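Observations on the model geometry
Now for the letters of each chain:
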Amino acid sequence: MSRTVLTFGTFDVFHVGHLRVLERAASLGDRLVVGVSADALNIKKKGRAPVFSQGERLAIVSALRVVDQVFVEESLEAKRDYLVEHGADVLVMGDDWAGKFDEYADVCEVVYLPRTPAISTTAIIEHIADM
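First things first, this report covers the structure right here in the doc. Because the structure is predicted, anything quoted here is derived from the model rather than measured. (Residues numbered from 1 in each chain as written. Predicted model: local features only at pLDDT ≥ 70, side-chain atom pairs only at ≥ 80, totals over all residues. Heavy atoms only, no water.)

Observations regarding the nonpolar core
As a reminder, the rule being used: Only buried Ala, Val, Leu, Ile, Met, Phe, Trp, Tyr and Cys residues count toward a nonpolar core, and they belong to the same one when joined by side-chain atoms within 4.5 Å. Note on exposure labels: buried denotes an accessible area under 20% of the residue type's maximum, exposed denotes more than 50%, and partly exposed covers the range between, all computed with a 1.4 Å probe on protein chains only. Secondary structure elements are defined from DSSP: runs of H or I of at least 4 residues count as helices, runs of E of at least 2 residues count as strands, and each element is numbered from the N terminus. Contact between two residues is taken to exist if any of their heavy atoms lie within 4.5 Å; hydrogens are not considered.
Ranked by internal contacts, the top residues of the largest apolar core, which has 16 residues, are L22, L32, V34, V67 and V92. Elements supplying a minimum of two residues to this core: α1 (16-26), β2 (31-37), α3 (54-62), β4 (90-94) and β5 (109-113). Contact partners of L32, with chain neighbours within four places excluded, come to V5, T7, L22, A25, A26, V66, V67, D68 and Q69. Grouped together as the second largest cluster of nonpolar side chains are 14 residues, F8, L83, F101 and Y104 included.

Describing the packing of aromatic side chains
As a reminder, the rule being used: What counts as a ring pair is set by centres within 6.5 Å for rings of Phe, Tyr and Trp (its six-membered ring), and what kind of pair is set by the plane angle: stacked under 30 degrees, edge-to-face over 60, tilted for all other angles. Criterion for a charge above a ring: Arg CZ or Lys NZ at most 6 Å from the ring centre, at most 35 degrees from the ring normal.
A full pass over the atoms with the stated rule returns five aromatic pairs. Ring plane angle 85 degrees and centroid distance 6.1 Å describe the contact between F8 and F71, whose orientation is recorded as edge-to-face. Of this pair, F8 sits in strand β1 (residues 4-9) while F71 sits in strand β3 (residues 69-73), and the two are 63 residues apart along the sequence. The class for F71 is buried, based on a relative accessible area of 10%. Counting every residue linked through ring pairs, the aromatic cluster contains F8, F71 and Y82. Its end group placed over the ring of F8, K79 keeps NZ or CZ at 3.9 Å from the ring centre.

Looking at unusual backbone geometry
The residue F11 is not glycine, and still its phi comes out positive at about 60 degrees. Take F11: it is sitting in the loop between β1 and α1. Owing to a relative accessible area of 6%, F11 belongs among the buried residues under this scheme. Look at V13: it is not a glycine, yet its phi comes out positive at around 45 degrees. Within the element layout of this structure, V13 appears in the loop between β1 and α1.

Below, the structure written as structure tokens:
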């Protein structure tokens, strides 16, 4: 029986930290499904538009060999619906979200993975802006 892993993210200014978390998530199952935050959701969540458009971010993430399927995450409130719709056996999130998704343990296993040290999209954007 195959095991579906689902994760979510903006994946803006794609970097090695994104790649590592997706590789680790993929290793937890047979199929990796990724919800990429819609531009509007990113603005609502972070107060700014992504550097790369929703379409570009979907193209980047879907091109990765560890990713089997991508979809647009339109709403934070629909996480449970996304998990059920995609048949998730495992939800993977970064450990900066530890405990915040435990409510979905009734639908699937919830795993929090450590972030890649010393790298973040925000830090990269701020570094580029300071150049």
